[in-house]
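Structural description and commentary
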Amino acid sequence: MLDWQAFLSMENFQQAWNKVRANDGCAGVDGETIAAFERNADRHLATLRHQLQIGTYQPMPLRSLSIPKKSKPKPGEPPKTEWRGLAVPTVRDRIVQQALLNLLHPILEPQFEASSFAYRPGRSYQTAVRQVNHWRQQGYDWVLDADLVKYFDNIQHDRLFAEWQERVHDPAIGDLVERWIGSGMTTASGLVLPTQGIPQGAVISPILANVYLDDFDEAVEAAGLKLVRYADDFVILAKTQTQIQSAQALVDQLLQTMGLELHPDKTRVTNFQQGFHFLGHTFVRSLIVQDQGQGGRKKARGDGAGERWRDGEQAGEPAPILCYSDPLAQQTQMQQALLAAIRESEKPVPPPLYVVMGFKVRDQQPVQIESQEFEWRDGMSTLYLVKQGIALRKEQGRFWVKAGSAGQTEREVEVPIREVERVLVFGNIQLSTAVIGACLEGQIPVVFLTQLGEYKGHLWSSEFCDLSTEAAQFGRRHDPQFQLQMARQIVWGKGMNSKLTLQRFNRRRKVDGMGAKLKRIEQHLQ
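Our subject in this report is the structure included herewith. If you're wondering where the values come from, they're calculated on a predicted model, not measured in any experiment. (Residues numbered from 1 in each chain as written. Predicted model: local features only at pLDDT ≥ 70, side-chain atom pairs only at ≥ 80, totals over all residues. Heavy atoms only, no water.)

Structural notes on the sheet that holds strand 9 (residues 276–278)
- Read from one edge to the other, the open sheet built from three strands follows the order 9-10-11, with strand pairing classed as antiparallel. For this open sheet the edge positions go to strand 9 and strand 11 (287–290), each flanked by a neighbour on one side alone. Averaged over all pairs of adjacent strands, the angle between their axes in this sheet comes to 25 degrees, without regard to strand direction.
- With four bridges joining them, strand 10 (residues 281–284) and strand 11 adopt antiparallel strand pairing. (Pairing = 2+ DSSP bridges. Helix = DSSP H or I, 4+ residues; strand = E, 2+ residues; numbered from the N terminus. Axes fitted to C-alpha atoms, helices over the stretch in contact; angles between N-to-C directions.)

Remarks on the packing of helix 14 (residues 480–508) against helix 15 (residues 514–525)
- Running from amino to carboxyl end, helix 14 crosses helix 15 at an angle of 160 degrees, the nearest separation of the two axes being 10 Å. As far as their axial angle goes, helix 15 and helix 14 are roughly antiparallel. The way helix 14 lies across helix 15 gives a crossing that is left-handed. Counted together, W492, G495, M496, K499, L502, Q503 and N506 of helix 14 and M514, L518, I521, E522 and L525 of helix 15 form the full contact between these two elements.
- Its residues placed into classes, the contact of helix 14 with helix 15 shows seven nonpolar, three polar and two charged. (Parallel < 35°, antiparallel > 145°, perpendicular 65-115°, else oblique. Left-handed = near helix turned anticlockwise from the far one by under 90°. Contact = heavy atoms within 4.5 Å. Nonpolar A, V, L, I, M, F, W, Y, C, P; charged D, E, K, R; others polar.)

Overview of helix 5 (residues 91–108)
- The end-to-end C-alpha separation of helix 5 is 25 Å, in line with the 26 Å expected for 18 residues at 1.5 Å each.
- Of all the bends in helix 5, the greatest reaches close to 30 degrees and is centred on N102; the proline P106 follows between one and four positions later.
- Of all the 18 residues making up helix 5, 13 are buried; the element is thus mostly covered by neighbouring parts of the structure. (Expected span 1.5 Å × (residues − 1). Bend = angle between axes of the 7 residues up to and from the residue. Buried < 20%, exposed > 50% of the residue type's maximum accessible area, 1.4 Å probe, protein only.)

Re the environment of H44
- Within the fold, H44 resides in helix 4 (residues 41–54).
- Once the C-alpha coordinates of H44 and R92 are considered, the two residues, 48 residues apart in sequence, prove to be 8.3 Å apart.
- Residues in contact with H44, not counting those within four places in the same chain, are E32, A36, F37 and R92.

Examining the nonpolar core
- Among the nonpolar cores identified, the biggest contains 65 residues, and F7, F13, I95, F216 and I236 are the most heavily contacted of them.
- Residue contributions to this core peak at nine residues, all from helix 5.
- Not counting chain neighbours up to four residues away, the residues in contact with F216 comprise L227, F234, V251, L254, L255 and M258. (Core = buried A, V, L, I, M, F, W, Y, C linked by side-chain atoms within 4.5 Å.)

What to know about unusual backbone geometry
- The phi dihedral of Y119 is positive, around 60 degrees, even though this residue is not glycine.
- Summarising the element assignment, Y119 is placed in the loop between helix 5 and helix 6 (125–137).

Observations concerning a positive patch on the surface
- Taken together, the side chains of R504, R507, R508, R509 and K510 make up a positively charged region of the molecular surface.
- Looking at where R508 falls in the secondary structure, it is placed in helix 14.
- What makes R508 exposed here is its relative accessible area of 68%. (Patch = residues over 30% accessible without salt bridge, like charges linked within 9 Å, V, L, I, M, F, W, Y side chains within 5 Å. Areas by Shrake-Rupley, 256 points an atom, 1.4 Å probe, with all protein chains shown as cover. Salt bridge = Lys/Arg side-chain N within 4 Å of Asp/Glu carboxyl O. Lys, Arg positive; Asp, Glu negative; His and termini not counted. Charge placed at Lys NZ, Arg CZ, Asp CG, Glu CD.)

Section: the packing of aromatic side chains
- Under the criterion given, the structure shown has ten aromatic pairs.
- Ring geometry for Y151 against F152: centres 5.4 Å apart, planes inclined by 70 degrees, an arrangement best described as edge-to-face. Across the pair, exposure class does not vary: Y151 and F152 are buried alike.
- Three or more aromatic residues joined by ring pairs form one cluster here, namely W4, F7 and F13.
- Over the ring of F117 we find R123; its NZ or CZ atom is 4.8 Å from the centre of that ring.
- Seen from the ring of Y212, R159 lies directly overhead, with NZ or CZ sitting 4.8 Å from the centre. (Phe/Tyr/Trp six-rings, centres within 6.5 Å; stacked < 30°, edge-to-face > 60°. Lys NZ or Arg CZ within 6 Å of the ring centre and 35° of its normal.)

This is the structure in structure tokens:
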């Protein structure tokens, strides 16, 4: 079992954040960069830990990127740029994955075979190269130079999760990994939900790749063969040609049970006399020659950091920015059924249906909220500050709301402070220090919201008698039953207002059929 206290500790998350920051990767689908996260890193880390603790953490989909892949042109052909696809998590999801990875290494390392060299502490492509030379010196001259067909894309989820649960006996962690793998990837056609494969670009993927091939490593070694594997690149060594040919048949059989296959054009039986190429090195007899211009195998980075990249299927177009839908609630049975049907169809999820998964496309254009009301009347108690750019100041027991800009006529509204019970601030509104002081002294709560009305925070005195009540009201915005109840009340109120308005107009001029319409409205309201 995983030590959840250690996993959720601030020390572990700080270490994970330092690792992600050092990689200096790009933003995910939410558009949040390393620099943006760093501005409030402590608060963001505390939020992530709290979400994991109470079970509200939800991974976001992956951003589709492509990075250039070096390819050797054939003789007489001009060089061309090939692209390798990556699926990049958000900065926050990378931090949580790294925090988990910090604790997984001590659990999984003792279970991995000695023949596996990639993504493991204290091991690298150099140690793999030295191990190949060691087996040559021991008389293992025959080599199966193997290449898997799209290994990361062909990993079978059912088998992967079964292997994972066998090694990490923690259902909650297994559920977390499944959500990371199944979160989907954004494309020009919509959100693609995977039925197999793991994302190249996710922090958690390398260790999952090792888990998936661990049984393969064990079976090859149990057959008396020598295996040197670095992720999906591997060679198998034997002392005779007969043994290596039998090894190829064994490998084919093992991989078939795992949903994998050897590349027919890139897999061959050879020996050190003929030579072969592995991990950026050429092996010929007792010589080992490193490729020019390469430092061997590059370290796999989870985000394509430091490399030229482009959006996967959205080259030339700005990638859509996703955010959590508000409120973030539990999926209903209908939503779950719809999501299951979408997965079975294996078709991209269009943006309007992202809300089923708890996300939405953020409008990157500024939203202009216009209000024609600029007045304060008797009987009012809540001061709504909606028009962007207005200023609120205090003079002699009154609030003054001032609007207007260069070239426009300035307007002011006088509001007696004694009549104000609360102030709601939408977006870019200026409050003077005197206003803030008057609100604190008069126990007038000030609530700050975005232009769209999403709650940001509040200001009120600790002596405010309804502090707990106000906090509970804002907290209930995530309660589905409360949302439904309020929606019904709003619709009922609008329906009742429409009925009363029609009745009043109908008294002055009789409209044919209006009585029947009013009765139908009344029936719906009951």
